[in-house]
Amino acid sequence: MSSLPHFRRAWGVLLICALIFLLAIFFILFTLNDRHQQLTEAAREDALWAAYQLDRENLKLSNLLRSYESNPSSVNWDSLELRFEILYSRIGLLQRGHIGELFGSEIGNLASVYQESIQVIYEMDQFFESGAESVSAELEKIIELSNRLAVLTERLVVDLKGLSALRINEERKDQQNKYLYVTLLIVLVMLTTGMLMFMLFKHMKLTANARIHAESMASDLQDAVVKAERASQAKSEFLAMMSHEVRTPMNGILGMASLLQESDLKEEQQLHIKTLHSSANSLLAILDDILDFSKLEAGRLTLESVPFSLINLAQEVIALFDITAKNKQISLELVLDDKLSSHYQSDPGRFRQVLLNLVGNAIKFTHHGKVTLNITQVDSDTVSCTIEDTGIGISPEVLETLFMPFTQADLSTTRRYGGTGLGLAISKKIIEQMGGSISVKSEEGKGSCFSFQIPLQSIDAPIANPSEIPKSSASNIIADAEPAPTRILLVEDNKVNQMVAVGLLKKLGYSCTIANNGAEALDLVEAELFDLILMDMQMPIMDGVTATKKIRQLDHPSALTPIIAVTANALPEDLKACLDAGMNDYLSKPFSKKDLSDRIEKYLSIRT
Amino acid sequence: MNKHSRSWVLTTVLFLSILICPKLFAQSPEGQPVLTMSGKIAVTNQGDTWVFDRAMLEALPQGKIITETPWYDEVSEFEGPLASAILEAVGADFSDNLRVIALNDYSAVVPASDFIDHGVILAMKINGEVLRVRDKGPLFLIYPFDSDPALKTEVYYNRSVWQIKAIEIY
């Protein structure tokens, strides 16, 4: 690349050289075709011709004079006079000044010969002017003059011829030189244009190489990007797997803590358990965040599209933080636009997650004043949510990286307020996946204002949620029905989880049979009819999905038993695999007592 | 072109007149013969030729050309009969060629069409003075060199014969 300017300068020089050479060629060709020189040449020939004519006319006159001398009656005076007149007329050409110019300095000697010739003719003219008598009388003198003239004109012709030949020779030499120069110049022009062509070729080759280089760099970059993406993907998958792996033991810890809490304990032990429980809960929240974020990074987050009431959702969120806000003595307000529709079609769970995160943050970083959640209908299919607080605010430097993962206002913030710093990154990703955008304005010490806009499809009438209606009627039925002994089969390989589940079920008033894996469960259902099966997913010998498929294929009433997957696999495709295998529903580990009772009640009621 | 066709009409009229009343034009030279026309001519007054004396030439339509020439240092004024009028007087064809012969028997070939196309004259006077033999007289074929640069070439200089004594049409 650095050779390009160098190239350009060389080009300029070569081009100018070629042009100069061409101009020189034109100039020389022009001088070769010089009109002046051509005229000079012609005039020189004329002069030679004139001298020759003079010589010839003198000879004719001389002959006539001799005839006249020998026999005067044989010659007509008129013709004699005409001869002389013709001879006289030849002087004109000799007198012309420019003949001298034609032959240059060598003319010197010739000039006197000219003058002498003219003088002789003038002398002759004096006799002819006087008339025929005078000529007859002085005939001898005239003949002598003619003889003198003959000597002079002969000399003139010979000398002029010689000079002309010399000149022609010189001019030919000059012309040859010019042709040589032209040839030389043509060679030079060819050389320079040749060099130009060579440089052009070289330059083309250079640019081609540069392009190839650039292309290979681009493909290297592409490879690097692919590698980086793959690495990032691997990282996300690793995080997702790790958090999933951690959730299983966490489930045990939480379950055990709940069970312990219910048991007879000293006050101090109660406090310890409470702390243990809340710590485990915090840890779980962090795990959830990481899991969510990993899924988002891996592009595995699938959004639901169900009808929901945005107003109810917002009120629920506000209600959730009501106590916290009251404890911190800050006011929490919800402002709803009149134009909002009653129902929208979207993913309410993710919408709630975003609102919880933003409102939670606002409350977390506000110590006095108020937090306001404002929801407005921007246009027919866009909703805007604004969360404004009078909290500590965010510095301009931090604002730039605020939505990056694992970022908080600063390290001291982390120490003071806790959290993974993933909340905003997750919220941003969710909003973007929903087709919206989030922005923030903040002034340190005065407060922050987060607002996001998302396209939300409003729907006129909510479609009845099939899972809600039976639930309400189910509780009625249960209330009316006699409490019948329910037979629940728990399929779980992990002893801790077995204990947690058995404990929770016991609290809810159910007893259960335990199978350690899918194969054991299959044997049990063939021997006995259960009301409900709680099925773990990953087990040795036979996993949950396989066991479910086999149960559904049985030629036995047990084939119709509701099966609820109990899994730590929260990824959508895992859940889909469960439902595809024939399971009725799923419970995500770790689950609460309420989650469990809700599910059991739902399916037992359907069965009855 | 217009001039050409006009000349043609003139030629035809002359030719017809000659046929009807040749004697009227068949005048003989009274003075010294100056110009002898021979070859393809329609009329004769001396053997096979037509001879002009000075008076006859002066009686023809005259022309005047002021031009620079290679033979004189300054611009000169030439006067004499129109060369085309001379050809018309003898009923010559303008598509023929002419051999213009000088006193010293030098001759040049000139296409007769030149006489119409370029308005050539056979000059008898230069700057008001009669051209003597010693001054390239009696007749000097002059092209209007200054009015057409194309004439300033060797071809026309060579056709500009001086000391003309005869013209042969062939």
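Another aspect to go through is a negative patch on the surface. Among the surface-exposed residues, A:E41, A:E45, A:D46 and B:E154 lie close enough to one another that they form a single negatively charged patch. Top element by residues in the negative patch is helix α2 (residues 35-70) of chain A. It accounts for 3 residues. With respect to the helices and strands, B:E154 occurs in helix α6 (residues 154-159). Among the residues examined, B:E154 registers a relative accessible area of 37% and is labelled partly exposed.

Moving on: unusual backbone geometry. Peptide bonds are, in most cases, trans, and in most cases residues other than glycine have a negative phi. In this model, B:G137 is joined to B:P138 through a cis peptide bond whose omega is 0 degrees. Take B:P138: it is sitting in the loop between β9 (129-130) and β10 (140-142). Within the chain, A:I541 stands out as a residue other than glycine whose phi angle is a positive 70 degrees. Note that A:I541 resides in the loop between β11 (532-536) and α18 (544-552). Residue classification places A:I541 among the exposed residues on the basis of a relative accessible area of 74%.

Residues and elements named next belong to chain A. With respect to burial, β11 is a largely interior element, 5 of its 5 residues being buried. Sheet topology note: the strand β9 (residues 487-491)/β11 ladder contains 4 bridges and is parallel. The partner of V491 across the bridge, within β11, is M535. With α18 bridging β11 and the parallel strand β12 (residues 563-567), this β-α-β connection has right-handed handedness.

On to the packing of helix α8 (residues 139-262) of chain A against helix α16 (residues 495-508) of chain A, then. Residues and elements named next belong to chain A. Interhelical geometry of α8 versus α16 gives an angle of 40 degrees and a closest axis separation of 9 Å. Classified by the interaxial angle, the pair formed by α8 and α16 is oblique. Handedness of the α8/α16 crossing: left-handed. Here α8 contributes T248, N251, G252, G255, M256, L259 and E262 to the contact with α16, which in turn contributes V496, N497, M499, V500, G503, L504 and K507. By residue class, the composition of the contact of α8 with α16 is 6 nonpolar, 6 polar and 2 charged.

With the rule as written, the count across this model stands at 17 aromatic pairs over all chains. Taken together, a centroid distance of 6.1 Å and an interplanar angle of 65 degrees make the contact between A:F351 and A:F452 edge-to-face. Of the two residues, A:F351 is situated in helix α11 (residues 348-364) and A:F452 in strand β7 (residues 447-455); the sequence distance between them amounts to 101 residues. The exposure classification of A:F351 matches that of A:F452, with both residues buried. Put simply, the rings of B:W71, B:Y72, B:F78, B:F140, B:Y143, B:F145, B:Y156 and B:Y157 pair up and form one aromatic cluster. For B:R134, the ring lying beneath its charged end belongs to A:Y88, and the centroid distance is 3.7 Å.

Turning our eyes to something else, we now look at the packing of helix α9 (residues 267-297) of chain A against helix α14 (residues 423-433) of chain A. All names here are of chain A. The geometry of α9 relative to α14 is characterised by a closest axis approach of 10 Å and an angle of 40 degrees between their N-to-C directions. Accordingly, the angle class assigned to the pair α9 and α14 is oblique. As for how α9 packs across α14, the hand of that crossing is left-handed. Residue-level inspection shows D289, D292, F293, L296 and E297 of α9 in contact with α14, the latter providing G423, A425, I426, K429, I430 and Q433. Partitioning the contact of α9 with α14 into residue classes produces 5 nonpolar, 2 polar and 4 charged.

Take the confidence of the model for chain A next. Averaged over every residue, the pLDDT of chain A is 80; residues scoring 70 or more account for 88%. Within the model, the stretch residues 463-483 of chain A combines pLDDT values under 50 with 7 contacts to residues more than four positions away or in other chains.

We now examine the interface of chain A and chain B. Put simply, an interface is often sized by how much accessible area is lost when its parts join up. At the interface, 17 residues of chain A touch 15 residues of chain B. For the chain A and chain B pair, buried surface summed over both sides reaches about 1400 Å², with 43% attributable to carbon and sulfur atoms. On inspection of chain A and its partner chain B, the count reaches 2 salt bridges. Here A:E85 ties to B:R134 by a salt bridge, and the two come within 3.0 Å at their closest N and O atoms. Counting every contact that joins chain A to chain B gives 4 residue pairs in polar contact (both at pLDDT 80 or more). At the level of secondary structure, the elements contributing two or more residues to the side of chain A that touches chain B comprise α2 and α3 (77-89) of chain A. Element by element, the count of residues in the side of chain A that touches chain B is highest for α3(A), at 8 residues. Looking at the side of chain A that touches chain B residue by residue, the class counts come to 5 nonpolar, 2 polar and 10 charged.

All names here are of chain A. Turning to helix α17 (residues 518-527), its buried residues number three or more, namely G518, A521, L522 and V525. The arc that holds every buried residue of α17, seen down its axis, measures 105 degrees, which confines them to one face. In α17, the exposed positions angled more than 90 degrees off the buried face are occupied by D523 and A527.

The rules behind these values
- Residues numbered from 1 in each chain as written.
- Chains lettered and ligands numbered in written order.
- Predicted model: local features only at pLDDT ≥ 70, side-chain atom pairs only at ≥ 80, totals over all residues.
- Heavy atoms only, no water.
- Patch = residues over 30% accessible without salt bridge, like charges linked within 9 Å, V, L, I, M, F, W, Y side chains within 5 Å.
- Areas by Shrake-Rupley, 256 points an atom, 1.4 Å probe, with all protein chains shown as cover.
- Salt bridge = Lys/Arg side-chain N within 4 Å of Asp/Glu carboxyl O.
- Lys, Arg positive; Asp, Glu negative; His and termini not counted.
- Charge placed at Lys NZ, Arg CZ, Asp CG, Glu CD.
- Helix = DSSP H or I, 4+ residues; strand = E, 2+ residues; numbered from the N terminus.
- Buried < 20%, exposed > 50% of the residue type's maximum accessible area, 1.4 Å probe, protein only.
- Pairing = 2+ DSSP bridges.
- Right-handed = clockwise from strand over helix to strand, strands pointing away.
- Axes fitted to C-alpha atoms, helices over the stretch in contact; angles between N-to-C directions.
- Parallel < 35°, antiparallel > 145°, perpendicular 65-115°, else oblique.
- Left-handed = near helix turned anticlockwise from the far one by under 90°.
- Contact = heavy atoms within 4.5 Å.
- Nonpolar A, V, L, I, M, F, W, Y, C, P; charged D, E, K, R; others polar.
- Phe/Tyr/Trp six-rings, centres within 6.5 Å; stacked < 30°, edge-to-face > 60°.
- Lys NZ or Arg CZ within 6 Å of the ring centre and 35° of its normal.
- pLDDT = per-residue confidence, 0-100.
- Buried area = accessible area lost by both parts, 1.4 Å probe.
- Polar contact = N/O pair within 3.5 Å; in protein donor to acceptor, adjacent residues only side chain to side chain.
- Arc of directions from axis to C-beta.

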